[in-house]
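So the chains spell out like this:
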Amino acid sequence: MRIISGKYKGRRIAPPKNLPVRPTTDMSKEAVFNVLNNHFNFFELKVLELFAGTGSISYEFASRGCSPILCVDGDMGCINFIKKTAKEFDFDITAIKSDVFKFLEKHHVNYDIIFADPPYGLAQKEFEKIIELIFENEILDDQGMLVVEHSKYTKLDHMANYSFQKNYGGSVFTFFEFEGIDEEADDLEEEDER
């Protein structure tokens, strides 16, 4: 596993083999960050990574200047590895062990980008619940973006705030943004014209 861009581009990270993870491929990571790069200047963006696993996505954000970053995962081995790597690279990453659903129900801090990579085997309704909790609890900033990685068998394009999706190999990345911001601006323009 390597960091593909930013200050630490090319640096390799070797997680223990016994972690219960399915890391996002370098090709997919590069493609997703190309999309995000068109929407954001990464410097000092607040990022939340859910089902963080090895923390691979968070290291990419940190290497590009995002700060602070919060990683949430239910596995202590993953959390310990993220803490160790963050310390080694001096990344502004905090890792906490928690059930993601319980975390989302209680957490009310706002983030610019949220990346969620649940196990592909999670039920459709659980994927939907993640998205609902993030928007209901206003965890995503008004101008922010939520990215959910999933298999082609999970369908999320019917959800509120759906924006677009990208397919890379066997993985699908679905992007969500708040609806209505542009529409409100259009409505105001129409009122001014009257």
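Worth saying up front: this structure is predicted, and the values here are computed from it rather than measured.

Observations concerning the pairing of strand β4 (residues 111-116)
Among the six residues in β4, six count as buried, and that is most of the element. Here strand β1 (residues 47-50) runs beside β4; their pairing, made up of four bridges, is parallel. Within the sheet, the bridge partner assigned to Leu 48 lies in β4 and is Ile 114. In this sheet, strand β5 (residues 140-151) lies alongside β4 in parallel orientation, the contact comprising five bridges. Looking at β5, one finds that Ile 113 is bridged to Met 145. What joins β4 to β5 is helix α5 (residues 124-136), and the crossover it makes is right-handed.

Observations regarding the sheet that holds strand β7 (residues 171-176)
Spatial ordering of the open sheet is given by β3-β2-β1-β4-β5-β7-β6, a layout of seven strands whose pairing is mixed. Of all strands in the sheet, those with a lone pairing partner are β3 (93-97) and β6 (162-168), marking the two edges. Across the sheet, the mean angle separating the axes of adjacent strands is 15° when strand polarity is ignored. Pairing of β1 with strand β2 (residues 69-73) involves four bridges; the strand directions are parallel. The residue bridging Val 47 from the neighbouring strand is Ile 69, located in β2. Sheet strands touched by helix α2 (residues 56-63): β1, β2, β3 and β4. Its angle to β2, the strand with the most contacts, is close to 180°. Lying over the sheet, helix α3 (residues 76-89) contacts β2 and β3, oriented at roughly 165° with respect to β3.

Topic: the state of the cysteines
Under the criterion given, the structure shown has zero disulfides. Cys 71 carries a free sulfur, and the closest cysteine sulfur to it, the one in Cys 78, is 10 Å from it. Given the relative accessible area of 0%, Cys 71 is considered buried. With a relative accessible area of 1%, Cys 78 lands in the buried category.

Some points on unusual backbone geometry
For the bond running from Ser 67 to Pro 68, omega is 0°, close enough to zero to count as cis. As for its position among the elements, Pro 68 is in the loop between α2 and β2. At Asp 90, a position not held by glycine, the phi torsion is positive, near 60°. Judged by its relative accessible area of 69%, Asp 90 is exposed.

Some remarks on helix α1 (residues 26-37)
Between the first and last C-alpha of α1 there are 16 Å, a value that for twelve residues agrees with the 16 Å anticipated at 1.5 Å per step. Among the residues of α1, those classed as buried are Ser 28, Lys 29, Ala 31, Val 32, Phe 33, Val 35 and Leu 36.

Structural notes on the confidence of the model for the chain
Interpreting fine coordinate detail is not advised for predicted regions of low pLDDT. When pLDDT is averaged along the chain, the result is 89; 92% of the residues meet or exceed 70. pLDDT under 50 marks residues 180-194. Its contacts with residues more than four places away, or in other chains, come to two contacts.

As for the nonpolar core
Of all hydrophobic cores here, the largest spans 38 residues; its most connected members are Leu 36, Phe 42, Tyr 59, Phe 61, Phe 91, Ile 93 and Phe 175. With six residues, the top contributor of residues to this core is α3. Apart from residues lying up to four places away in sequence, Phe 91 is in contact with Ile 3, Tyr 8, Tyr 59, Ala 62, Ser 63 and Ala 86. Listed in part, the 26 residues of the second largest apolar core include Phe 103, Leu 122, Ile 134 and Leu 156.

Conventions adopted
- Residues numbered from 1 in each chain as written.
- Predicted model: local features only at pLDDT ≥ 70, side-chain atom pairs only at ≥ 80, totals over all residues.
- Heavy atoms only, no water.
- Buried < 20%, exposed > 50% of the residue type's maximum accessible area, 1.4 Å probe, protein only.
- Helix = DSSP H or I, 4+ residues; strand = E, 2+ residues; numbered from the N terminus.
- Pairing = 2+ DSSP bridges.
- Right-handed = clockwise from strand over helix to strand, strands pointing away.
- Axes fitted to C-alpha atoms, helices over the stretch in contact; angles between N-to-C directions.
- Contact = heavy atoms within 4.5 Å.
- Disulfide = S-S within 2.5 Å.
- Expected span 1.5 Å × (residues − 1).
- pLDDT = per-residue confidence, 0-100.
- Core = buried A, V, L, I, M, F, W, Y, C linked by side-chain atoms within 4.5 Å.

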